[in-house]
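Fold and geometry: a report
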Amino acid sequence: MGFGAVILVLMLVIFNFLPPVLMSIKYWQLGQVHRHALLKMEMAGGLTADIQQQIINTLQNWGFDISRVTVIGTPAVVDYGGTIELTISYDCNYDQYAFSSFTLAKNTTIVPMQVHAASISFTYQK
């Protein structure tokens, strides 16, 4: 009986340790996609349909649910020196576990993740 209780407590600790780690990984991935897209936007002078599609494809390849992704950016073409902005938002599932009748009960909440930054356009049009 005591061994079972110890196993349950250890499982609770392990299961509650995993979601913050997975959330950190997702946040890092979102930041990397954002950083690469903002660099491309600097050269293109803003958010183009191709850059937006690349953002969606990369996030989908990394396991993000595309129906929960929102991409908002300054549309192209912004003249040289103008400000461009990009915001990528994602509604992520966050699981927490608790004791309930000698079992582990899972509670899922939706946590919004958002990455936002601004930069300068390097596009020059004649």
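Here is a short report on the structure shown in this document. (Residues numbered from 1 in each chain as written. Predicted model: local features only at pLDDT ≥ 70, side-chain atom pairs only at ≥ 80, totals over all residues. Heavy atoms only, no water.)

**A look at the packing of aromatic side chains**
- Going through the model one piece at a time under the given rule, you end up with 3 aromatic pairs.
- Seen from their ring centres, W28 and W62 are 6.4 Å apart, and the 15 degrees between their planes marks the pair as stacked. Remark: W62 occurs in the loop between α2 (49-61) and β1 (69-73) and W28 occurs in helix α1 (residues 2-44); sequence separation between them is 34 residues.
- Residue classification places W62 among the partly exposed positions, given a relative accessible area of 36%.
- Residues Y80 and F122 carry aromatic rings whose centres are separated by 6.3 Å and whose planes lie at 50 degrees to one another, so their mutual orientation is tilted. Pair noted here: Y80 is in the loop between β1 and β2 (83-100) and F122 is in the segment after β3 (103-120), with a separation of 42 residues, a long-range link.
- Here Y80 falls in the exposed class, since its relative accessible area comes to 57%.
- Looking at F122, the relative accessible area reads 41%, which means it is partly exposed.
- Cation over ring: K26 sits above F64, and NZ or CZ is 4.3 Å from the ring centre. (Phe/Tyr/Trp six-rings, centres within 6.5 Å; stacked < 30°, edge-to-face > 60°. Helix = DSSP H or I, 4+ residues; strand = E, 2+ residues; numbered from the N terminus. Buried < 20%, exposed > 50% of the residue type's maximum accessible area, 1.4 Å probe, protein only. Lys NZ or Arg CZ within 6 Å of the ring centre and 35° of its normal.)

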